[in-house]
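# Geometric and topological summary
Residues per chain, in single letters:
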Amino acid sequence: MTLDTTGPLRGLKILDISEGIAGPFCAKLLGDLGADVVKIETPRTGDQSRSIGPFPGDKPDIELSSSFFFLNTSKRSVVLDLDSEAGLKKLQALIRRFDIIVSSDTAAALSSRGMGYEQLREWNPGVILTTISGFGSFGPDSGYASSHLIACAVGGWAQLCGVPDREPLQVGGTIAETLTGAFAAASTLLAALGRTAHGGGEHIDVSAQEAVLTGAQMPTLLYEYLDIVPQRYSSVGSGAGAAYILPTSKGYIGLNALTGAQWTMLCDFLGLSDIPDNPRFEGISWTRPDERLEEIRAAFQAALQDRTAEDLFHEAQTWRIPFGLVPDLQELYEFPPLRERGFFVELEHPVAGSVEVPGIPFKSTATQPGPYRPPLLGEHTDEVFSELDEPNDPPKAVSQNGESNSSPLDGLRILDLSMFFAGPVAAQIAADAGAEVIKVESVQRIDGWRGSASMWDGDVLPWESSPYFNWVNRSKRGITLNLTDPRGADILKELVQKSDVLIENYTPRVMQKFGLSYATLRELNPRLIMLSLSGFGADVAWRDYVAFGMSTEQMSGIAHLTGYEDDAPLFTGMTGGDIFAGVMGANALFAALHHRNLTGQGQHIDLSQLEACNLYIGEAMTAWSLAEIDPGRTGNAHPAYAPQGIYPCKQEKWIAICCKTDAQWLALAAIIDRPEWLAADSVFTQAKTRSSNRDEIDRTIGAWTRSQDHLELMHRLQKSGIPAGAVMAGPDLLADSHLQARGSFIAQDRPGVGVKHYPNQPYRFRFAEPVPNLRAPLLGEHTAEILTELVGLSPDEITELTTADVIGTIPLAARH
């Protein structure tokens, strides 16, 4: 097994002491991009995921766990007992040679083991520590246990997922945890980039609860903006647009319309052009669903009679309507754009043989990294410790400037041409880390996200009142430029010469049409990094197919895994695949910045949003490749944890409970007062028998929880060591004392809208200086300022451009 010495993160050395999913996924992402990652495992059993599986065949083998296989590519394995004096001494020697430590313990738990940040900093003054846990390392709930199910509940996701007459659901796969890991990787790279500039170490603390809150967004934003407490109704798309997943004569099809124009085209396409103008359906809302949505579902279903999903998908694309297919795991391995791009990587493993796994979701003009196989337990112990004998400069004392560092991306300028959500998420992460981000729109075509869930009242312009736009575009300045006008394109070219990064998420044909291809822009600025986030990638037959968050969620496998057991696929209930693609785009961008720091070289990153979303369910994908296991939709169940479910509480509230261990099960049985479950001869003493009797156990637990308050019960169970999480709605989240203590919301005052509280990034830097609290820009708010400051235009020239509608502050459509 050979280390990748060509990836953009070459030179970064990372110790992965984490267990579970989020921490290993974080370290895997960094390793796949070229960092040297050494995984520390416990003797004999190794990482806990080695024992969970799924496995090929019936017999567990620690070298054949598909979960471990996917989560630990591109790492070397060292066996070390970190709870022994000898092990801690060896760890100290390693830390003196490494840049970054990734841990799934809280800061307090690490300190109790003699590995707290202050101790690590004594061993290596410039070390970066990333702690990743369910509730974070500080706040009143910081010691609470978590899981994918629990994070879905306490982050607001389960509140949105499911149907009204059934229990709330976890979303498919383990994407609450992989999303947390992806945020952790991005924040870790930010700390590494910051250290290049200022030399200081850092402690980043990442919370799964906050990662889910950031991904869900809607519970708190819709509550504050529209006084709505969204309920689970994910058999239709989220409040971000109109969408259904319906069966056809062959396969499921996603019918998606994000804008009013797409809604009209969708109805026309199905031969139902009367629906948009029918008084019966006037004012229908996916934000406030009612029985009329079911009437439309029935009409749509009838229109699909005798049609196949594939035929509908391709025909709808000729209309520029973002339909989506819903493949299962086997079909994903055969999915045309994924195969055409070479997304899946075949890895040769000494025990498992040849196994295909999801690879890197982007292509680059500068580097093309890729994963290598996961290690055998302890495979590299001797190799890694022998490297300690090689010459190495001792760690240097680092000044923390009075315990403060500059913002990680201070001095970086980004042009954000992206719209809706995926690209703006990547830009927002950078802006919140100190980059100067200039959002580019036009009065001819404003960002379509401005129209989503807008308040539409007399006190505020409708295009300035979207909670989604105002959240994802904070920390940015705004400019309008008509890029179809040569004068607008020329101004953008001048801005490119003075910028570091350009982000766009058009279909590949659009930038070429503007005369703003990467080849053109590279001539103006060879150091420019251009991040393009298209639906399927620029080099496939589907390159110009339109895609949005709903369709990438459907086509990536997430929808296939989300839903009640043996029932139809559902939406996750949030805004689809955009958040996943955006966070992965941020990781690609920060890796490219690291590469530019090493080489001075810019690059074009061609990211596929479909590939990025599929990477988050890589565990399930690998289970199919390695063991031919496709779990499909399993509701709230877990293959190894029992019981696990979401149970009713008082006042139509719900609580998630998950027993990962026999000890947790026994504690729950004692609290519920079921002595027969505690008996030594009980059939419920083992998780396997509990799983086979799941219905009986769930009924008993549900009968007990029904009389309890969901929030009080969560704290009672957690204090007894049982993973539990109240299913939180918007009011619960905003009032939560733990989230308040962590600064999980940013208060911003917007003209006409007032003060609202927007979800923060799900991580906290200990030393980085906070960036200014800059609300999302009004349309064209900073145009004159930026054109004067960066382009040098005079007031007369700016007036002339305004008269010609090259720039402006009022959408053309609003003038008629």
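Quick note: structure is the one above.
Here is what the cut-offs are and how they apply
Residues numbered from 1 in each chain as written. Predicted model: local features only at pLDDT ≥ 70, side-chain atom pairs only at ≥ 80, totals over all residues. Heavy atoms only, no water. Core = buried A, V, L, I, M, F, W, Y, C linked by side-chain atoms within 4.5 Å. Buried < 20%, exposed > 50% of the residue type's maximum accessible area, 1.4 Å probe, protein only. Helix = DSSP H or I, 4+ residues; strand = E, 2+ residues; numbered from the N terminus. Contact = heavy atoms within 4.5 Å. Phe/Tyr/Trp six-rings, centres within 6.5 Å; stacked < 30°, edge-to-face > 60°. Lys NZ or Arg CZ within 6 Å of the ring centre and 35° of its normal. Polar contact = N/O pair within 3.5 Å; in protein donor to acceptor, adjacent residues only side chain to side chain. Pairing = 2+ DSSP bridges. Axes fitted to C-alpha atoms, helices over the stretch in contact; angles between N-to-C directions. Salt bridge = Lys/Arg side-chain N within 4 Å of Asp/Glu carboxyl O. Parallel < 35°, antiparallel > 145°, perpendicular 65-115°, else oblique. Left-handed = near helix turned anticlockwise from the far one by under 90°. Nonpolar A, V, L, I, M, F, W, Y, C, P; charged D, E, K, R; others polar. Right-handed = clockwise from strand over helix to strand, strands pointing away.

## What to know about the nonpolar core
Trp-263, Phe-300 and Phe-590 are the most contacted members of the largest nonpolar core, which totals 229 residues. In terms of residues, this core owes the most to one element, helix α7 (residues 175–198), which gives 13 residues. Not counting residues up to four positions away in its chain, the partners in contact with Phe-590 are Ala-186, Leu-189, Leu-190, Leu-193, Leu-409, Ile-429 and Ala-430. Listed in part, the 22 residues of the second largest apolar core include Leu-80, Ile-101, Met-115 and Leu-120.

## Here we look at the packing of aromatic side chains
Scanning the entire structure with this criterion turns up 32 aromatic pairs. Their ring planes at 65° and their centres at 6.3 Å tell us that Tyr-225 and Tyr-758 sit as a pair that is edge-to-face. Residue Tyr-225 is found in helix α9 (residues 218–226), and its partner Tyr-758 is found in strand β23 (residues 754–759); the two are separated by 533 residues along the sequence. Measuring from ring centre to ring centre gives 6.0 Å for Trp-677 and Phe-684, while their planes differ by 85°; the resulting arrangement is edge-to-face. Across the pair, exposure class does not vary: Trp-677 and Phe-684 are buried alike. Following the ring pairs from residue to residue traces out a cluster consisting of Phe-420, Phe-421, Trp-449, Tyr-468, Trp-471 and Phe-548. Between Lys-28 and the ring centre of Phe-70, over which it is positioned, the NZ or CZ distance is 4.3 Å. Geometry around Phe-385 places Lys-90 over its ring, the cationic atom sitting 5.3 Å from the centre.

## A few points about the environment of Gln-497
Locating Gln-497 in the fold gives a position in helix α18 (residues 486–497). Here Gln-497 falls in the partly exposed class, since its relative accessible area comes to 47%.

## Some details on the side chain of Gln-761
Assignment of secondary structure puts Gln-761 in the loop between β23 and β24 (763–765). Residue Gln-761 is classed as buried on the basis of its relative accessible area of 3%. A polar side-chain atom of Gln-761 sits 2.9 Å from a polar atom in the side chain of Gln-428. In this structure the side chain of Gln-761 is engaged in a polar contact, spanning 3.0 Å, whose partner is the side chain of Asp-432.

## Comments concerning the sheet that holds strand β21 (residues 724–726)
The strand order across the open sheet built from three strands is β19-β20-β21, with neighbouring strands paired in antiparallel fashion. Strand pairing shows two members of the sheet lacking a second neighbour, β19 (644–648) and β21, which therefore form its edges. Across this sheet, the average inter-strand angle for adjacent strands is 20°, counted without regard to direction. The sheet contact formed by strand β20 (residues 654–658) and β21 spans three bridges and is antiparallel. Opposite Ala-656, over in β21, you have Gly-725 as the bridge partner.

## Remarks on the pattern of salt bridges
Where charged atoms of side chains with opposite charge meet at close range, the side chains can pair. By the definition in use, this model includes 48 salt bridges. A salt bridge links Asp-16 to Lys-75, with the shortest nitrogen-to-oxygen separation between them at 2.8 Å. Of the two residues, Asp-16 sits in strand β1 (residues 13–16) while Lys-75 sits in strand β3 (residues 75–79), which places them 59 residues apart along the sequence. In this structure, Asp-16 and Lys-75 share a single accessibility class: buried. Between Arg-373 and Glu-379 there is a salt bridge whose closest N-O contact spans 2.6 Å. On the basis of relative accessible area, Glu-379 is assigned to the partly exposed category, the value being 31%.

## Considerations on the sheet that holds strand β4 (residues 100–103)
Strand order in the open sheet made by the seven strands is β3-β2-β1-β4-β5-β6-β24, with mixed pairing throughout. In this open sheet, the two edge strands, each paired with only one partner strand, are β3 and β24. Across the sheet, the axes of successive neighbouring strands diverge by a mean angle of 20°, strand direction being ignored. Sheet topology places β1 next to strand β2 (residues 36–41); four bridges connect them, and they run parallel. Within β2, the position partnered with Leu-15 by the bridge is Val-38. The sheet contacts of α7 involve β4, β5 (128–133), β6 (202–207) and β24, and relative to β6 the element is tilted by about 165°.

## Some remarks on the packing of helix α16 (residues 422–432) against helix α23 (residues 578–599)
It is at 7 Å that the axes of α16 and α23 come closest, and there the two elements cross at 50°. On the basis of the axis angle, α16 is oblique to α23. The interaxial crossing formed by α16 with α23 has right-handed handedness. Between α16 and α23, the contacting residues are Ala-422, Val-425, Ala-426, Ile-429 and Ala-430 on the first element and Asp-578, Ile-579, Ala-581, Gly-582, Val-583, Gly-585, Ala-586 and Phe-590 on the second. Here the residues of the contact of α16 with α23 sort into ten nonpolar, two polar and one charged.

## Some remarks on the pairing of β1
Viewed along the sheet, the connection from β1 through helix α1 (residues 22–32) into β2 turns out right-handed. Where β1 lies against β4, three bridges are found, and the strand directions are parallel. Bridge pairing links Ile-14 to Ile-100 in β4.

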